[in-house]
Amino acid sequence: MTGLDALKARVAGAKLGPEAEETGTVTRIADGLTEIAGLPEAQAGEILIFGTGARAFVQNLDADAVQAALLDPMDGIEAGSTVRRSGQLLSVPVGEGLFGRVVDPLGRPLDGLGPVQATEFLETERPAPDIIERDFVDEPVETGLLVVDALFAVGRGQRELIIGERQTGKTSIALDAILNQTGSDMVCIYVAIGQRTTAVRRVIEAVRDRGPFVRTIFVVAPASAEPGLRWLAPFAATTMAEWVRDRGGHALIVYDDLTKHAAVHRELALLSRQPPGREAYPGDIFYLHARLLERSAKLSPARGGGSLTALPIAEIEAGNLSAYIPTNLISISDGQIVTSAQLFAANQRPAVDIGLSVSRVGGKAQWGALKAVSGRVRLDYAQYLEMKMFARFGGFGDAAMKARLARGERIGALLAQPRFEPLPTPVQIALLAGLDQGLLDGVSLPAIAALKQALIPLIAAEPALAAFRARPAKLDDAARAALIGCLRQALARGPA
Ligand code: ATP
Ligand code: MG
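Since the structure is predicted, the reported quantities are computational estimates derived from the model, not experimental observations. (Residues numbered from 1 in each chain as written. Chains lettered and ligands numbered in written order. Predicted model: local features only at pLDDT ≥ 70, side-chain atom pairs only at ≥ 80, totals over all residues. Heavy atoms only, no water.)

K.L.:
Explanation requested: the overall build of the chain in the structure shown.
P.N.:
Counting its regular elements, the chain contains 16 helices and 18 strands. Rg of the C-alpha trace for the chain: 26 Å, near the compact-globule value of 23 Å for 496 residues, within the 12% margin. The dimensions of the chain, computed from C-alpha atoms along their principal axes, are 85 × 50 × 40 Å. In the chain, buried positions account for 53% of the 496 residues. Summing over all exposed atoms, the chain offers an accessible surface of approximately 21200 Å²; the carbon and sulfur share of this is 55%. (Helix = DSSP H or I, 4+ residues; strand = E, 2+ residues; numbered from the N terminus. Rg over C-alpha atoms; globule rule 2.2 N^0.38 Å. Buried < 20%, exposed > 50% of the residue type's maximum accessible area, 1.4 Å probe, protein only. Areas by Shrake-Rupley, 256 points an atom, 1.4 Å probe, with all protein chains shown as cover.)

Structure follows, in structure tokens:
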């Protein structure tokens with residue numbers, strides 16, 4: 001029998017169950033990947049169990065061997081060790097028992113709070129909803145970041161990539177979006193893949209101290225975890241999020257980050273001697289991430305109307321957005337928020353590059369009232385940035401030009417936002433409406449920063465805005481007048 005015939009026979013005859021040949025022998029083990037002979041019926045994604053109790057899952061099927069990635073330490077496993085099939089595909093616990101917990105990709109506790117109370121287990125590889133089961137993305141995920149909500153709005157069910165160089169505030173943007181879900185109906189899932197434990201701990205502590213901790217699930221596979229666990233993390237976490245989505249709920253998942261996930265996929269593929277493709281990644285890397293991100297969706301009313309929104313994070317080097325993994329991820333998401341090392345170095349926070357960022361759902365998912373006041377902001381700001389370059393050479397002294405430069409500076413001051421200081425949507429609307437009416441033109445830039453915080457309690461307490469705060473669907477005259485009233489009040493008080 002040729003290798004191909006053997007492979008065909010295996011695919012044709014593959015079945016889970018007692019008639020399958022049950023045990024195999026380890027022929028090779030290295031860096032978290034084992035090669036096993038004698039399991040002709042094993043299936044991709046099936047759990048295998050070693051004599052030591054350690055588990056692995058089938059990552060790759062060859063004609064005469066299977067490769068399995070370890071989920072537990074490899075101590076005590078060597079060439080010649082026996083392996084047994086479990087007949088079960090990879091699955092994870094789902095349900096409310098995970099809320100407020102820190103777990104590994106198999107749902108095992110990492111927070112010392114004992115086992116997760118799970119009522120149900122679901123497989124980690126699940127099909128994405130069909131087109132017919134989906135609905136249009138038309139409700140916003142409010143991130144509390146003015147630059148995102150006003151210019152690159154994210155809708156429920158959307159996949160918006162956060163991409164940029166190292167240490168440019170990518171995680172902070174996603175973290176702020178999670179923190180802003182305090183009091184909302186959103187369940188958050190933060191997936192840490194291949195990161196330093198200290199960095200992960202900082203995120204967990206921020207959510208615990210100031211965010212919706214009891215409605216957040218942390219799925220953590222740090223750099224020190226077995227490659228199999230790091231590989232599994234985004235899939236397992238998505239299954240946990242789908243449980244929320246499929247019951248009509250709303251979930252927000254942050255993958256931090258998929259560049260590191262691509263790296264572990266490459267690591268496993270090279271260990272299992274798959275042919276390397278572009279930049280040494282195996283040929284299926286695009287399909288792998290497309291399959292993952294397709295599971296984020298807004299479901300139709302018939303399917304309960306739930307949603308899963310994804311904020312995948314990706315790292316680039318030297319501003320190179322056209323490298324292999326970044327272009328893949330850009331093409332399978334619905335837009336990208338690009339952070340820039342230059343802007344970060346120039347102290348702009350968040351360091352979002354307005355020109356390179358885009359949301360392909362954007363306006364359709366934005367609150368109507370926010371849309372009404374944010375339409376021109378991006379263009380005005382882009383023109384300001386260009387003008388500023390020329391103004392540096394001097395000579396453009398006319399009054400109209402000066403006014404536009406002053407307006408642009410004020411837009412910049414509105415877009416700047418320290419982390420952990422989310423702005424409620426009505427506050428964003430008031431600021432942009434005031435900008436539009438020229439009320440901010442005479443206000444100094446530091447005073448604008450102070451104004452934002454002063455506005456929050458005023459708008460929250462304004463009785464005329466009660467209905468508007470709950471649903472800022474449109475900006476009628478009454479709402480506009482009340483918002484501008486609050487803004488004038490805050491301005492009159494002056495800097496605190
Ligand atoms: P890495 O590439 O290491 O994952 P990153 O791009 O995720 O980094 P962050 O960890 O979010 O970047 O931020 C880097 C640093 O910048 C952090 O120390 C954070 O405190 C600071 N920072 C980020 N955003 C803001 C902000 N809006 N205001 C103030 N500080 C910020
Ligand atoms: Mg980060």
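Having seen the model, we can carry on.
K.L.:
Please explain the sheet that holds strand β5 (residues 66–70) as it appears in this structure.
P.N.:
The strands that make up a sheet pair up through hydrogen bonds in the backbone, lying either parallel or antiparallel. Pairing is antiparallel around the closed barrel formed by six strands, whose spatial order is β1-β2-β5-β4-β3-β6. With direction set aside, neighbouring strand axes in the sheet form an average angle of 45°. Where strand β1 (residues 23–30) and strand β6 (residues 82–89) come together, three bridges link them in antiparallel fashion. Within β6, the residue paired with Thr25 across the bridge is Thr82. (Pairing = 2+ DSSP bridges. Axes fitted to C-alpha atoms, helices over the stretch in contact; angles between N-to-C directions.)

K.L.:
Explain the pattern of salt bridges to me, please; I cannot follow it from the model alone.
P.N.:
Per the counting criterion, the structure on display carries 24 salt bridges. Here Arg159 and Asp334 are joined by a salt bridge, their closest N and O atoms 2.9 Å apart. In this pair, Arg159 is assigned in the loop between β11 (154–155) and β12 (161–164) and Asp334 in the loop between α8 (324–331) and β17 (335–339), connecting sequence segments 175 residues apart. Like Asp334, Arg159 is buried. The partner of Arg410 in a salt bridge is Glu409, and the shortest N-O contact between them spans 3.6 Å. Its relative accessible area of 9% is what places Arg410 among the buried residues. The exposure class assigned to Glu409 is partly exposed, which follows from its relative accessible area of 35%. (Salt bridge = Lys/Arg side-chain N within 4 Å of Asp/Glu carboxyl O.)

K.L.:
Whenever I open this one, the sheet that holds strand β16 (residues 307–315) confuses me. Can you help?
P.N.:
The strand order across the open sheet formed by eight strands is β8-β14-β13-β15-β16-β12-β17-β18, and the pairing between neighbours is mixed. Each edge of the open sheet carries a strand with a single partner, namely β8 (101–103) and β18 (358–359). In this sheet, β16 lies alongside strand β15 (residues 250–256) in parallel orientation, the contact comprising six bridges. Across the sheet, residue His250 finds its bridge partner in β16, namely Ser307.

K.L.:
Looking at this structure, how should I read the pairing of strand β13 (residues 186–193)?
P.N.:
Strand residues, when the strand is regular, have side chains that alternate between the two faces of the sheet. Most of β13 sits out of view: eight of its eight residues are buried. A two-sided burial pattern is seen for β13, the buried positions comprising Met186, Cys188, Tyr190 and Ala192 on one face and Val187, Ile189, Val191 and Ile193 on the other. In terms of strand pairing, β13 meets β15 through seven bridges, oriented parallel. Each residue of the ladder has a partner; that of Tyr190, found in β15, is Val254. Running through helix α4 (residues 197–210), the crossover from β13 to the neighbouring parallel element strand β14 (residues 216–221) is right-handed. (Right-handed = clockwise from strand over helix to strand, strands pointing away.)

K.L.:
Before we go on, may I ask you to explain the site of ligand 1 in this structure?
P.N.:
The local shell around ligand 1 holds 13 residues, among which Gln167, Gly169, Lys170, Thr171 and Ser172 are the closest. Lys170 has a polar side-chain atom sitting 2.7 Å from an oxygen atom of ligand 1. In this structure, Ser172 approaches ligand 1 through a side-chain N or O atom, which is 2.6 Å from an oxygen atom. About the coverage of ligand 1: the protein hides 75% of its 630 Å² of free accessible area. Here the shell around ligand 1 takes three residues from helix α3 (residues 170–179), the largest share from any one element. (Near = heavy atom within 4 Å. Polar contact = N/O pair within 3.5 Å; in protein donor to acceptor, adjacent residues only side chain to side chain.)

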